[in-house]
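# Per-entry structural report
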Amino acid sequence: MAKTVKERTRWFCTECGADTPKWEGRCPSCGAWNTLVEERVLPTKKTILSAGNAGGRAGAVRSVPQRVSEIQAGDETRIQMPSKELNRVLGGGLVSGSMVLIGGEPGIGKSTLVLQNVLAIKSRKILYVSGEESATQIKMRADRLGRMSDNCFVVTETSLENIFTHIAEVEPQLLIVDSIQTIASDAIESAAGSVSQVRECAATLLRYAKENNVPVLLIGHINKEGSLAGPKVLEHIVDAVLQFEGDRQYMYRILRATKNRFGNTSELGIYEMCQRGLREVTNPSEMLMSRRDGEDLSGCAIGVTLEGIRPFLIEAQALVSTAAYGTPQRSVTGFDSKRMNMLLAVLEKRVGFKLAQKDVFLNIAGGLKVSDPALDLAVIAAILSSNVDMPVPHDVCLSGEVGLSGEIRPVTRMEQRVREADKLGMKTIIIPRGAMKGVDTSKLSIEVVEVDKVEEAFRHLFG
Ligand code: TYD
Ligand code: MG
């Protein structure tokens, strides 16, 4: 008895999806530690292959090698999604036959984002498979979103085989699976959401997408650590991974591509969760600056950052106060804490500010995480402003990287940044010297101040 149980149990690596017959501390395939989980499987894999026969049995369709130059490009390779932000993150639309995974925390708005978009597509037949909500719940959501479509079919289903029956009936031109962790194939004994189920279901759906040239949108859950639940192979097999993220305190949601075979991964889409669904934020600078109505507060400085090809203004807020306890505190949100410590060291050593005995708190407004080095100058300005308790005028912004010796270094696409600041009514921008060489600034109404060193920027701001 014990023997048969043992035969049907295998250990799967949650990192790479490799399986071994017995437990090991370290995955023999990818070398990760403590990633093996036990799962029950059928001893033979033949049944699994035939499970996907609705999408074409593996091996039934023979591919023929072709010359790249002879491959016919489809007339309609990209499907435009109704949401411009989504299109941009996808790299200019959804590629037919591609599989895209949208991941995010529960309740962040993944289902809303997808439903809102598919309800606005009138020209294609869409099948929305939900393993989480009933058809009436989806209808309620659609009512709330204020959208209806005759071409969108909704079904509550968790069995992979049944999904293919529905596909055969509806013949959709776009398939949505919400979520991949709730779908299970009868051919595998383990529970839905387990490594082997997620892997097999995703692989079968991928085969369906490629063979029928139908795009598939998968919705995926993320685990405690913030990465997609299930095997890492899931991320490898899909064409694009979009992360939907946001801070609970804010209604803003950010959609970013962490992988995209058909586009740029540095693109960003910004939404706001409203009463009637997600609203596109076309001018992100508005959300990233707290409205101060002309009042100047110390500790705030506006930086010009760039995500993808889009520049926007973002506010850095700092609080510097004398440490109440022996060890000063350093607390950072939305910015790299190591980088802030480096900037503090530069201020201490090069500009002579005594910050070693001070608590420093830094916050980037809007709940956004920024990795653009151009924000250094704004961070430094915010810290200095709080330290001397003098405000940075609200119509002054900054953009530049700070080097270890306190020099201000140029950053990419300076011209675009200056233009954005000008467009949003800023009066002055402080940038690295020489960064605007050869650029015609005569049409700009913004005053461009070029600086070489942190001291210079400080003198300009606080006299
Ligand atoms: P949902 O799309 O169900 O999240 P997910 O699929 O990622 O789990 O979003 C649920 C949240 O969105 C819920 O807290 C309510 C909120 N919401 C709105 O604020 N407005 C709306 O119009 C909708 C549909 C949802
Ligand atoms: Mg959902």
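Scroll up a little and you will see the structure.
Presented here is an overview of the structure given in this document.

Quick notes on the rules
Residues numbered from 1 in each chain as written. Chains lettered and ligands numbered in written order. Predicted model: local features only at pLDDT ≥ 70, side-chain atom pairs only at ≥ 80, totals over all residues. Heavy atoms only, no water. Helix = DSSP H or I, 4+ residues; strand = E, 2+ residues; numbered from the N terminus. Buried < 20%, exposed > 50% of the residue type's maximum accessible area, 1.4 Å probe, protein only. Contact = heavy atoms within 4.5 Å. Areas by Shrake-Rupley, 256 points an atom, 1.4 Å probe, with all protein chains shown as cover. Pairing = 2+ DSSP bridges. Axes fitted to C-alpha atoms, helices over the stretch in contact; angles between N-to-C directions. Near = heavy atom within 4 Å. Polar contact = N/O pair within 3.5 Å; in protein donor to acceptor, adjacent residues only side chain to side chain. Salt bridge = Lys/Arg side-chain N within 4 Å of Asp/Glu carboxyl O. Phe/Tyr/Trp six-rings, centres within 6.5 Å; stacked < 30°, edge-to-face > 60°. Arc of directions from axis to C-beta. Core = buried A, V, L, I, M, F, W, Y, C linked by side-chain atoms within 4.5 Å.

A count of helical and extended segments in the chain gives 13 helices and 23 strands. Classification of the 463 residues of the chain by burial places 50% in the buried group. For the chain, the proportion of contacts with a sequence separation of at least 24, taken over those separated by at least 6, is 67%. Total accessible area on the chain is roughly 22100 Å²; 51% of this is exposed by carbon and sulfur atoms.

The next subject is the sheet that holds strand β23 (residues 447-451). Read across the sheet, seven strands follow the order β17-β18-β16-β15-β19-β22-β23 without closing on themselves; strand pairing throughout is mixed. Edge positions in the sheet fall to β17 (330-333) and β23, since each of these pairs with one other strand and no more. Across the sheet, the mean angle separating the axes of adjacent strands is 25° when strand polarity is ignored. Note: β17 against strand β18 (residues 358-364), four bridges, orientation parallel. Across the sheet, the residue bridging to Val332 is Leu362, located in β18. The strands touched by helix α11 (residues 376-388) are β15 (300-307), β16 (310-322), β18, β19 (396-398) and β22 (428-432); relative to β16, the strand with the most contacts, the crossing angle is about 30°.

Omega for the bond connecting Asp178 with Ser179 falls within 30 degrees of zero, at -5°, which places this linkage in the cis form. If you trace the backbone, Ser179 turns up in the loop between β9 (174-178) and α7 (195-212). Unlike most non-glycine residues, Asn34 shows phi in positive territory, near 60°. Tracing the chain through its elements places Asn34 in the loop between β2 (19-20) and β3 (36-40).

All right, on to the site of ligand 1 then. Near ligand 1 lie 16 residues; those nearest to it are Gly107, Ser111, Thr112, Cys274 and Gly277. Between an oxygen atom of ligand 1 and a side-chain N or O atom of Thr112, the distance comes to 2.6 Å. In the environment of ligand 1, a nitrogen atom lies 3.3 Å from a nitrogen or oxygen atom belonging to the side chain of Arg144. Contact with the protein chains covers 75% of the free accessible surface of ligand 1, which is 560 Å². Mapped onto the shell around ligand 1, the elements with two or more residues apiece are α4 (110-119), α5 (135-145) and β13 (268-274).

This part is about the pattern of salt bridges. Counted according to the given criterion, the structure contains 19 salt bridges. In this structure, Asp143 and Lys139 form a salt bridge, with 3.4 Å as the shortest nitrogen-oxygen distance. Residue Asp143 and its partner Lys139 are located together in helix α5, separated by four residues, close to a single helical turn. Look at Asp143 and you get partly exposed, because its relative accessible area is 41%. Judged by relative accessible area, Lys139 falls into the partly exposed class, the value being 43%. As a salt-bridge pair, Arg409 and Glu407 come within 3.2 Å of each other at their nearest N and O atoms. Its relative accessible area of 21% is what places Glu407 among the partly exposed residues. What you see here is one network of salt bridges that share partners, running through Arg339, Asp376, Glu401, Glu407 and Arg409.

Before going further, it helps to spend a moment on the environment of Asn34. On the accessibility criterion, Asn34 (66% relative accessible area) is exposed. Between the alpha carbons of Asn34 and Thr14 there is a distance of 9.2 Å; along the sequence they are 20 residues apart. Once residues within four sequence positions are removed from consideration, Asn34 is found in contact with Trp23 and Gly25.

So, about helix α12 (residues 414-423). Among all positions in α12, only Met414, Arg417, Val418, Glu420, Ala421 and Asp422 are buried. Remark: Gly425 follows α12 within two positions and exhibits a positive phi of approximately 85°.

Going through the model one piece at a time under the given rule, you end up with four aromatic pairs. When the centroid spacing of 5.1 Å and the interplanar angle of 50° are considered together, the rings of Phe458 and Phe462 count as tilted. Of this pair, Phe458 and Phe462 are both found in helix α13 (residues 454-462), four residues apart, which corresponds to roughly one turn of the helix. Residue Phe458 shares its accessibility class with Phe462, and that shared class is buried. Among the aromatic residues, those joined into a cluster by ring pairs are Phe353, Phe458 and Phe462.

It is worth spelling out α5 at this point. Of all the positions in α5, only Ile138, Ala142 and Leu145 are classed as buried. The buried residues of α5 all sit within an arc of 60° when viewed along its axis, so they share a single face. Across from the buried face of α5, at angles greater than 90 degrees, the exposed residues are Thr136, Met140 and Arg144. Just downstream of α5, Gly146 is the residue with a positive phi angle, here 70°.

Turning our eyes to something else, we now look at the nonpolar core. Of all hydrophobic cores here, the largest spans 47 residues; its most connected members are Ile383 and Ile430. Among the elements that take part in this core, α11 stands out by supplying eight residues, more than any other. Residue contacts for Ile383: discarding those within four places in its chain leaves Ala318, Val320, Met340, Leu344, Leu347, Leu355 and Val360.

The values are spatial; any link to function lies outside them.
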